[in-house]
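Listed below, chain by chain, are the residues.
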Amino acid sequence: MSSPVRRLVEWDATRLSGLANAHGTPLYVQDLGRVRENYDRMAAAFPDATVMYAAKANTAKTVLKTLVEAGAGIECTSAGEVERALSAGCPPERVQYTAVNPPEEDLDYAVSTARDDPGLTITAGAEDTMARLAERGYRGRLCLRVNPGVGAGHHEKVSTGANAKFGVPIDRAPGLLAEVADRFDVVGIHAHAGSGISGEDLAAHRELVSRMGELARETDLDLEFVDVGGGFGVPYRPEEKPLDLERVAQATREALGEVDATLAVEPGRYLVADAGVLLTRVNTVKPAGEELVVGVDAGMTTLARPAMYGARHGIRSLAAEERETVEATVTGPICESGDVFGTYELPAPDRGDLLAIGNAGAYGYEMASQYNSRPRPATVAVDGEESAVDRRRETVADVTRLERGVPWL
Ligand SMILES: *Cc1c(COP(=O)(O)O)cnc(C)c1O
């Protein structure tokens, strides 16, 4: 079985430097072989469960195809993601669309897709959403998203399990399931606690799963699956231990108890995070009083997590590592004081040095923006000996492509 984590130091510096020199920076590199390993470990830990990849972590077609071929289903948060899952070759019966406050067009698309491909499952987390589905004549596969009242996560912004935005309150669920059973083909119940199941907070995970198990036993419906969501954590800091997946799987089975339905899990980050790095080059080295500010060509528009969640990503210098170590504040090129990756011990950086930012495979490119007219970076897929640009770098022309102007100017 593959290693439970790939650390930033384990990436081949020569190969990464070669890719950066060939394709420029900032550059995302995604190792599809590692994505496959992560999936295989997850599938082995949960042998009786359905593994649905939460596509929002990384929707690159190469990543989706890799996971679909490996056997994963795809959990989608929007019509756009459903379209991408299908176009990556995912059979509709392995696609789940989880509608969170869905726009009209998303429901239109999902309902018409389900009409053509009755295998698609739509997950609704509000009675209102069910009414909107019924108005469209939908009678197909429906899963109820429940708000379990338990949250998990490293930051309030990634905790969803106790947030009223997501799912119907669990005490309302049995009644609602009975009510809608003659309107839809009710196939499952679903909950997602947020991102951050770690060794320490398995208690919250157990609690969520056990509530879902109870709900499954309480309803008279013949459910196909009980989906307990994603949130499997990855170590962002070198001192953090990898998740003990076997232990999580065992805790999950214990907490679920006997149910007459298949377990489903929805890992996003876990499958793709450590399979990706972001390569960036040093533009500016500036001593500022006590501080050494190191400006790089990636910023909050390339990788938003540090600015958005205060997330910590490892940073490694790919330049000569025998240099004396200094403390450096690594910042991006965006005119925002929040555009900072953090303070790191690094071999004394020089202009032109390459740095690798770790665990960039999840919620990295996905959250990239064009703020400050920064074109989004290219991505390179690697797989064993192979490598290819799977998404070209944007240009300023791409950034301005949608502007049509107005007749009076
Ligand atoms: C985001 C999300 C996931 C995946 O979360 P990770 O922390 O990336 O594992 C799973 N299920 C749902 C419904 C989600 O919204």
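Residues numbered from 1 in each chain as written. Predicted model: local features only at pLDDT ≥ 70, side-chain atom pairs only at ≥ 80, totals over all residues. Heavy atoms only, no water.

## Observations regarding the overall build of the protein
Test applied: To qualify as a helix, a DSSP run of H or I must reach at least 4 residues; to qualify as a strand, a run of E must reach at least 2; elements of each kind are numbered from the N terminus. The atom set for the radius of gyration is the C-alpha atoms, and the globule formula is 2.2 Å times the number of residues raised to the power 0.38. Note on classification: 1.4 Å probe, protein chains only; a residue is buried when its accessible area is under 20% of the maximum for its type, exposed when over 50%, partly exposed between these limits. In this description, contact between two residues means that some pair of their heavy atoms is separated by no more than 4.5 Å. To measure how exposed things are, a 1.4 Å probe is used in the Shrake-Rupley method; for residues, cover is taken only from the protein chains shown.
Scanning the protein for helices and strands turns up twelve helices and 18 strands. Computed over C-alpha atoms, the radius of gyration of the protein comes to 22 Å, within 12% of the 22 Å expected from 2.2 N^0.38 for 409 residues, which places it in the range of a compact globule. By its C-alpha atoms, the protein is 65 × 60 × 40 Å across when sized along the principal axes. Going through the 409 residues of the protein one by one, you find that 54% of them count as buried. Considering only contacts within the protein whose residues lie at least 6 apart along the sequence, 71% involve residues at least 24 apart. A total of about 18000 Å² of accessible surface is found on the protein, and carbon and sulfur atoms cover 48% of it.

## Description of the environment of Cys90
Looking at the secondary structure, you find Cys90 in the loop between α4 (79-87) and β4 (95-99). Under the relative-accessibility criterion, Cys90 is labelled buried at 3%. Sequence spacing of Cys90 and Leu67 is 23 residues, and the spatial spacing of their C-alpha atoms is 9.2 Å.

## A closer look at the nonpolar core
To keep things clear, this is the line we draw: What we call a nonpolar core is a set of buried Ala, Val, Leu, Ile, Met, Phe, Trp, Tyr and Cys residues that are connected through their side-chain atoms within 4.5 Å. What marks off one domain from the next here is an automatic or database domain assignment.
In terms of nonpolar packing, the biggest core is built from 83 residues, with Phe46, Tyr53, Ile74, Leu133 and Phe232 touching the most fellow members. Sort the elements by how many residues they give to this core and helix α8 (residues 202-218) lands first, with seven residues. Counting contributing residues, this core receives three or more from each of domain 1 (32-271) and domain 2 (274-400). With residues up to four places along the chain from it excluded, the contact list for Phe232 reads Met42, Phe46, Ile197, Leu243, Leu245, Val248, Val265, Pro267, Arg269 and Tyr270. Residues Val282, Val294, Ile315 and Leu355 belong to the second largest nonpolar core, which totals 19 residues.

## Quick look at the packing of helix α2 (residues 32-45) against helix α9 (residues 245-256)
Just so we agree on the cut-off: Only C-alpha atoms enter the line fits that serve as axes; for helices the fit covers just the stretch in contact. Angles between N-to-C directions range over 0 to 180 degrees. Crossings are sorted by hand: turned counterclockwise from the far helix by less than a right angle, the near helix makes the crossing left-handed, and turned clockwise it makes it right-handed. Three residue categories are used. Nonpolar comprises Ala, Val, Leu, Ile, Met, Phe, Trp, Tyr, Cys and Pro, charged comprises Asp, Glu, Lys and Arg, and polar comprises the others, including Gly.
Between α2 and α9, the shortest axis-to-axis distance is 9 Å and the interhelical angle comes to 35 degrees. In this structure, α2 crosses over α9, and the sense of that crossing is right-handed. Contacts from Arg41, Met42 and Ala45 in α2 reach Leu245, Glu246, Ala249 and Arg253 in α9. Each residue belonging to the contact of α2 with α9 can be placed in one class, and the counts come to four nonpolar, no polar and three charged.

## Focus on the confidence of the model for the protein
As a note on interpretation, predicted positions should not be read in detail where pLDDT is low. Which entries qualify depends on this criterion: For every residue, the predictor assigns a confidence score, pLDDT, that lies between 0 and 100.
Overall, the predicted model of the protein reaches an average pLDDT of 95, with 96% of residues at or above 70. Between the elements of the protein, mean pLDDT differs from a low of 94, seen in strand β7 (residues 168-169), to a high of 99, seen in strand β1 (residues 27-31).

## Notes on the packing of α4 against helix α5 (residues 104-116)
Where α4 meets α5, the closest approach of the two axes is 9 Å, and the angle between their N-to-C directions is 35 degrees. The residues of α5 that touch α4, namely those facing Ala79, Val82, Glu83 and Leu86, are Asp106, Tyr109 and Thr113. Taken together, the residues of the contact of α4 with α5 break down into four nonpolar, one polar and two charged.

## Considering the pairing of strand β18 (residues 386-391)
Here is the rule: A pair of strands is labelled paired if DSSP reports no fewer than 2 bridges between them.
Judged from the five bridges that link them, strand β17 (residues 378-383) and β18 form a sheet pairing that is antiparallel. The residue bridging Ala381 from the neighbouring strand is Ala388, located in β18.

## What about the environment of Asp297?
Definition in use: In protein, a polar contact requires one atom able to donate a hydrogen and another able to accept it; more generally it is a pair of N or O atoms within 3.5 Å, and residues adjacent in sequence count only if both atoms are side-chain atoms.
Here Asp297 lies in the loop between β12 (291-296) and α11 (305-309). What makes Asp297 buried here is its relative accessible area of 19%. The sequence separation of Asp297 and Val330 amounts to 33 residues, and the corresponding C-alpha distance is 10 Å. The residues touching Asp297, leaving out its near neighbours within four places in the chain, are Thr25, Pro26, Thr280, Arg281, Asn283 and Pro333. A polar atom in the side chain of Asp297 sits 2.5 Å from the side chain of Thr280.

## Examining the domain arrangement of the protein
What counts, and what does not: Throughout, the accessible surface (probe 1.4 Å) given up by two parts as they are put together, summed over both, is called the buried area. Salt bridge, as applied in this entry: a Lys or Arg side-chain nitrogen positioned within 4 Å of an Asp or Glu carboxyl oxygen.
Looking at the assigned domains, one finds that the protein contains domain 1 (32-271) and domain 2 (274-400). Here domain 1 and domain 2 have C-alpha centroids that lie 31 Å from each other. The partner domain 2 presents 18 residues to the 22 residues of domain 1 that form the contact. Carbon and sulfur atoms make up 46% of the surface buried where domain 1 meets domain 2, a total of about 1900 Å² over both sides. Inspection of the region where domain 1 meets domain 2 yields two salt bridges. Its salt-bridge partner being Arg36, residue Asp383 comes within 2.9 Å of it at the nearest N-O pair. Joining domain 1 to domain 2, the criterion identifies eleven residue pairs in polar contact (both at pLDDT 80 or more). No other element matches α2, which puts six residues into the side of domain 1 that touches domain 2. In the side of domain 1 that touches domain 2, the residues fall into eight nonpolar, seven polar and seven charged.

## Let's talk about the packing of aromatic side chains
Under the convention used in this document: Stacked, tilted and edge-to-face pairs are distinguished by plane angle, under 30 degrees for stacked and over 60 for edge-to-face with tilted covering the rest, among Phe, Tyr and Trp rings (Trp via its six-membered ring) whose centres lie within 6.5 Å. In this analysis the charged atom, NZ for Lys or CZ for Arg, is taken to sit over a ring once it is within 6 Å of the ring centre and within 35 degrees of the ring normal.
Inspection of the entire model under this criterion finds three aromatic pairs. Measuring from ring centre to ring centre gives 6.0 Å for Phe46 and Phe232, while their planes differ by 70 degrees; the resulting arrangement is edge-to-face. Within this pair, whereas Phe46 is found in the loop between α2 and β2 (50-54), its partner Phe232 is found in the loop between β9 (225-227) and α9, the two being separated by 186 residues in sequence. A single burial state applies to Phe46 and to Phe232, both of which are buried. Pairing Tyr138 with Phe184 gives two aromatic rings, centres 6.1 Å apart and planes at 40 degrees, and the pair type is tilted. Taken together, the residues Tyr138 in the loop between α6 (127-135) and β6 (141-147) and Phe184 in the loop between α7 (173-180) and β8 (185-190) connect sequence positions 46 residues apart. Looking at Phe184, the relative accessible area reads 4%, which means it is buried. We note Arg6 situated over the ring of Trp11; from NZ or CZ to the ring centre the distance is 4.7 Å.

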